[in-house]
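Secondary and tertiary structure notes
Chain by chain, the residues:
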Amino acid sequence: MTESTMPIASIRDLRIHFRSKAGVVHAVDGVSFDIRRGETLGLVGETGCGKSVTARSLLRLNPMPPGIHAGGTVEFRGAGELPVELTGVDESTLRAIRGNRIAMIFQDPGKALNPGLTVREQIAEVFYQHRADELLDDIGLTDRAGLVRTLIAREASLRSRWIERGLLRVPPLRAHRAALRRAVDDRVTDALAETQIPNPRAVMDRYPHELSGGMRQRVMIAQALACNPDLLIADEPTTALDVTVQARILDLINDLQRRHDTAVLYISHDLSLVRRVCDRVVVMYAGKIVETGPTEDLFANPSHPYTRGLLAAIPSASHQRGALAAIEGTVPELVDPDPGCRFATRCGFATPMCETTDPGLAPVAADHEVACFIHHPVPGGVGPAYEKAAT
Amino acid sequence: MTSVGSHPTETGRRDVVLAAREVAKHFPIKEGVLQRVAGHVKAVDGVSFEIRRGQTLGLVGESGCGKTTLGRVVAGLSEPTAGAVLFDIDSETLAAYDGGSSVGDIETAHKVDALTGDAYRRFRRNCQMVFQDSFASLNPRHLTIDIVGRPLRVHKEASGSGLTERVVELLEQVGLGRQHLYRYPHQFSGGQRQRISIARALALDPELIVLDEPTSALDVSVQAQILNLLHELQQANDLTYLFITHDLGVVRHMADHIVVMYLGTVAESGPTSAIFENQHHPYTKALLGASPDVDAAEEFTGLEGSVPDPAHPPQGCRFHTRCPVATARCGWEVDDVVRWIEDEPGAAGRLAGVKRDSAFAAELAFDDAATAAVVVDAIRSGRIHASMPEAVLKAESRDSRVDVEFGAVPDVELSVRGPGHVAACVHESLLDL
Ligand SMILES: Nc1ncnc2c1ncn2[C@@H]1O[C@H](COP(=O)(O)OP(=O)(O)OP(=O)(O)O)[C@@H](O)[C@H]1O
Ligand SMILES: Nc1ncnc2c1ncn2[C@@H]1O[C@H](COP(=O)(O)OP(=O)(O)O)[C@@H](O)[C@H]1O
Ligand code: SF4
Ligand code: SF4
Ligand SMILES: [Mg+2]
Ligand SMILES: [Mg+2]
């Protein structure tokens, strides 16, 4: 594989557990998948199945403790950079990647945006932190020793306001204050304009609470995409929005991604949205991957009983009222789980071996893998089958 | 007027379980230390519909359009600012009421906030509500038996072991059981908590249940369980539902009749099939177009702009600020010009003041004459909206000032589009647009 065909990120046998009063919660339990350069990968599954914990491990944002990194690796290959193993890397390398090479947008922009900072200040911070040398270039300031750059980048994590008001009062920098402000303004305006916010210059000076939900979401996207990251993680970015606004935001992410060749990890429990925006899909259930494949193939030939169940449960015009195909039962406890297939307690096809042996992922078609004995050759025993259970 | 004097405790058998007539609910906006009333949020602003016995009425619309507010008024949990909610009334009496005859008598017998004594109690027990957020609506310190048993105790229906048995029965109806009696809400999953809310709503054997987004917080597989359960219960107990949701797939599946709300008013209402197959309001069309359907992976568009402030709803048709097919008759007003100025790079920030004579006429003051000229040109040339030149009566600049006036347009009323199907749009059909 050449560098450009190598996946942008590879997660291998990742295990993230949480200590709780009831015992150890196996939130993510042996998850492996790749995110390819420029693709949109959907991560779907029920509440609590481990989607967010998996995604947060790409930025090492899971709180530890109570979290435990119980095993596995997360390798990231930024464009033109050496691979980095994110679970083991030091804090300063991680900081250089966060918000720069990997960015994240959240379900609730209220939490991601700082209520005390204007839109301009929120986005400026990203530039100060990751693009200090380009800013200095913009204003024609030479910084041979890299001192100013280091200073600015370090202060950026504190506050852009402080940089402009405080740091830039220092004599050799003072002369450039206005120029720097202009350079930052230009970049912030461009970032906002990318998200089709009307009149970015006016929006720049507002505080988050003065914006509607859809606009806050755009500001968060502008901030996340400000540095042209190689990977954007979108954790249920539109769940809190109305369908009409939702459609616009998804279009926007798709469009920006195509233009900048950004890979997107798109997390959602809404299968119809995933079908619309993703190239490939990973389906999780109770901390494990149960199926993964190209979107079209997966929706045309869902192979895991859980995936089939999810698709069948969506109300559609053809369903008789009261006859939706619900998956009976509930997600099993993730505290000290049984060794077998985690779906066995709700699966209509389960056989005794399903309860004792973990099926593991195996291919069923090109690029399409399933963790279910219905599709695996079963060594020395009689496995489950769709036909058999149907009778 | 045969039914007015019927015995108040008799189980209602009249064909309309509940009718809303021009219902409004306005919330005061209070300002300053003195908390003076500075205006009103018109959360619901003149809504009418009726729900027939055994049927499900779906109520859809964007966040903030007034669905929950209307649901609470209907369930008797809050009083309408204006209009009437009529309970358990037959179609003929309702027709008489709409025709203006015996209004006083009919209201005494059926209008929810006029009911007293037994009649009021009968309404209270027969109309229940299930809330969107089961976590917030179930007291975290109460056990299941107390939560589900409370209505029974309050209405003195049961006590002691009789109460326990009735609660078990209710839990079994919603797919739970005796083993769940002594657990707290946090010990249940989201789907199970919603079942408990439903069991509580069923306790007094009501006729009508208002379901406010009962499955929005749930995953599809659990949502399917709850929707199936609601259908079974409806069949078994002859229940009538007002089903509030923003999920069009869900409403299509569950509802017989749909009301589409926009900014506190009804944009369109009709039988489910008519709403899905033959929309007569551009907003309904946009909602359906934006809703992703797993079966159809076609393009989706969404709507421009954001929902206007319900304290200052637009004139004419409330949807005209976002409507893709708006015309000169839809209510162009001063605010439309001001909003354009604020978003226009060349003009933003140069508007110094607005002196209004009405929503339709004002004098705009700018920092310079050039901007004033640009704005006049934008109004007249159709740059703000193609249909604006036809609607404007006056757009003239005097130095840095602009006088602008539009023809006053009344609210766009609902008109009949088919059997039981009404829409509030100036277009007779959207088919050739
Ligand atoms: N107690 C209140 N005081 C002031 N304004 C209110 C109050 N309750 C609701 N509103 C306002 O009334 C409007 C309608 O609110 P409502 O909760 O009915 O919306 P909704 O259609 O149910 O929205 P959602 O889909 O988000 O639940 C909103 O603008 C809301 O902010
Ligand atoms: N900070 C935490 N402390 C304890 N448990 C957690 C924490 N974060 C997540 N979990 C648990 O991990 C599991 C997976 O959670 P999450 O990844 O957030 O699910 P989702 O798939 O809905 O995004 C859940 O059982 C959740 O309760
Ligand atoms: S492995 Fe067995 S229990 Fe698991 S999904 Fe397949 S058939 Fe069902
Ligand atoms: S009346 Fe009809 S055409 Fe005019 S703005 Fe309203 S919805 Fe659009
Ligand atoms: Mg999550
Ligand atoms: Mg609501």
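Just so it is clear, the model here is predicted, and its values are computed rather than measured. (Residues numbered from 1 in each chain as written. Chains lettered and ligands numbered in written order. Predicted model: local features only at pLDDT ≥ 70, side-chain atom pairs only at ≥ 80, totals over all residues. Heavy atoms only, no water.)

**Let's talk about the overall build of chain B**
We count it as follows: Comment: elements are numbered from the N terminus, with helices defined as DSSP H or I runs of at least four residues and strands as E runs of at least two. Exposure categories follow from relative accessible area, calculated using a 1.4 Å probe and restricted to protein chains: below 20% of the type maximum is buried, above 50% is exposed, and the middle band is partly exposed. Residue contacts follow a heavy-atom distance rule, with two residues in contact if any of their heavy atoms lie within 4.5 Å. Note that accessible areas follow from Shrake-Rupley with a 1.4 Å probe, and for residues the cover is restricted to the protein chains shown. Residues scored as positive are Lys and Arg, those scored as negative are Asp and Glu, and His as well as the terminal groups of each chain are ignored. Where a charge lies is defined by one atom per residue type, namely NZ (Lys), CZ (Arg), CG (Asp) and CD (Glu).
Helix and strand counts for chain B come out as 15 helices and 15 strands. A principal-axis box enclosing the C-alpha atoms of chain B has dimensions of 85 × 55 × 50 Å. Counting every position in chain B, which comprises 433 residues, the buried fraction comes to 52%. Contacts in chain B between residues at least 24 apart in sequence constitute 66% of all its contacts with a sequence separation of at least 6. Split by element, the accessible area of chain B, about 18800 Å² in all, is 48% carbon and sulfur. Positive and negative charge centroids in chain B, built from 41 and 59 side chains respectively, lie 7 Å apart.

**Some remarks on the pattern of salt bridges**
As a reminder of what qualifies: Salt bridges are counted wherever a side-chain nitrogen of Lys or Arg sits within 4 Å of a carboxyl oxygen of Asp or Glu.
All told, the structure shown has 40 salt bridges over all chains when counted by the stated rule. When the shortest N-O distance is used, the salt bridge between Arg-15 of chain A and Asp-29 of chain A registers 3.4 Å. Of this pair, Arg-15 of chain A sits in strand β1 (residues 9–20) while Asp-29 of chain A sits in strand β2 (residues 23–35); the two residues are 14 residues apart in sequence, bridging distant segments of the chain. Classification of Arg-15 of chain A as partly exposed rests on a relative accessible area of 26%. A salt bridge links Arg-166 of chain B to Glu-169 of chain B, with the shortest nitrogen-to-oxygen separation between them at 3.1 Å. Taken together, the residues Arg-166 of chain B and Glu-169 of chain B, both in helix α7 (residues 160–173) and 3 residues apart, mark about one turn of the helix. Taking relative accessible area as the criterion, Arg-166 of chain B reaches 22% and is therefore assigned partly exposed. Three or more residues are tied together by salt bridges with common partners; here these are Arg-14, Arg-53, Asp-88, Arg-122 and Glu-207 of chain B.

**Here we look at the domain arrangement of chain B**
Put simply, the rule reads: For the purposes of this description, domain bounds are those given by an automatic or database domain assignment.
The domain boundaries assigned to chain B delineate domain 1 (1–135 + 208–216 + 238–315 + 413–433) and domain 2 (332–406). Placing a centre on the C-alpha atoms of domain 1 of chain B and another on those of domain 2 of chain B gives a separation of 37 Å.

**Quick look at the site of ligand 1**
Residues and elements named next belong to chain B. Quick note on the threshold: Here, proximity means that at least one heavy atom of the residue falls within 4 Å of the molecule or strand. We call two N or O atoms a polar contact when they sit within 3.5 Å, provided that within protein one can donate a hydrogen and the other can accept it, with sequence-adjacent residues counted only if both atoms are side-chain atoms. Any residue that is not Ala, Val, Leu, Ile, Met, Phe, Trp, Tyr, Cys, Pro, Asp, Glu, Lys or Arg is counted as polar, Gly included; the first ten are nonpolar and the last four charged.
Residues in contact with ligand 1 amount to 13 residues; listed here are only the nearest, Ser-63, Gly-64, Lys-67, Thr-68 and Thr-69. A distance of 3.3 Å is found between an oxygen atom of ligand 1 and a backbone nitrogen or oxygen belonging to Cys-65. In this structure, Gly-66 approaches ligand 1 through a main-chain N or O atom, which is 3.0 Å from an oxygen atom. Counting only elements with at least two residues in the shell around ligand 1, the list comes to β2 (36–52) and α1 (67–74). In terms of residues, the shell around ligand 1 owes the most to one element, α1, which gives 3 residues. Residue composition of the shell around ligand 1, by class: 5 nonpolar, 5 polar and 3 charged.

**Considering the sheet that holds strand β3 (residues 40–44) of chain A**
Residues and elements named next belong to chain A. Quick reminder of the rule: For two strands to be treated as a pair, DSSP must find at least two bridges joining them. Angular values range over 0 to 180 degrees, each being the angle between N-to-C directions of two axes fitted as lines to C-alpha atoms, with helices fitted over their stretch in contact.
Taken together, the 8 strands give an open sheet; going across it, the order is β6-β7-β8-β3-β9-β10-β12-β11, and neighbouring strands pair in mixed fashion. Only two strands of the sheet have a single partner each, and these edge strands are β6 (102–105) and β11 (362–365). Neighbour-to-neighbour, the strand axes of the sheet open up by a mean angle of 25°, direction not taken into account. As paired elements, β3 and strand β8 (residues 263–268) share 5 bridges and run parallel to each other. Bridge pairing in β8 places Leu-41 opposite Leu-265.

**Some words on the domain arrangement of chain A**
Frequently, the measure chosen for interface size is the accessible area removed from exposure when the parts meet. Residues and elements named next belong to chain A. In plain terms, the rule: Joining two parts hides part of their accessible area as seen by a 1.4 Å probe, and the buried area is that hidden amount summed over both.
When cut into domains, chain A gives domain 1 (1–101 + 229–316 + 326–331) and domain 2 (111–203). The interface of domain 1 with domain 2 comprises 10 residues on the first partner and 7 residues on the second. Area buried by domain 1 at its contact with domain 2 is led by Arg-95, Asn-100 and Leu-252, which between them contribute 52% of it. In this structure, the connection of domain 1 to domain 2 is made through 3 residue pairs in polar contact (both at pLDDT 80 or more). Contributing elements (two or more residues each) for the side of domain 1 that touches domain 2: α2 (91–97) and α12 (243–260). With 4 residues, α12 is the single largest residue contributor to the side of domain 1 that touches domain 2.

**Remarks on the environment of Ala-119 of chain B**
Relative to the elements of secondary structure, Ala-119 of chain B occurs in helix α4 (residues 117–126). Counting along the chain gives 224 residues from Ala-119 of chain B to Asp-343 of chain B, while the straight-line C-alpha distance between them is 55 Å.

**Things to note about helix α4 (residues 119–130) of chain A**
For an α-helix, 3.6 residues make a turn, and residues three or four places apart therefore share a direction. All names here are of chain A. Note the threshold: A helix is expected to span 1.5 Å multiplied by its residue count minus one.
Here α4 contains 12 residues, and its C-alpha end-to-end distance of 18 Å stays within 8% of the 16 Å for a straight helix at 1.5 Å per residue. Counting buried positions along α4 gives 10 out of 12 residues, so the element sits mostly inside the fold. Val-119, Arg-120, Glu-121, Gln-122, Ile-123, Ala-124, Val-126, Phe-127, Tyr-128 and His-130 are the residues of α4 that are buried.

**Here we look at the interface of chain A and chain B**
Contacts between the two partners involve 36 residues from chain A and, on the opposite side, 40 residues from chain B. Here chain A and chain B share an interface that buries about 3500 Å² over both sides, 55% of which is from carbon and sulfur atoms. Asp-256 of chain B is the salt-bridge partner of Arg-321 of chain A, the closest N and O atoms lying 3.2 Å from each other. The tally of links from chain A across to chain B stands at 9 residue pairs in polar contact (both at pLDDT 80 or more). Residue assignment for the side of chain A that touches chain B shows that the elements contributing at least two residues are α12 and α13 (271–277) of chain A. Looking at the side of chain A that touches chain B residue by residue, the class counts come to 16 nonpolar, 11 polar and 9 charged.

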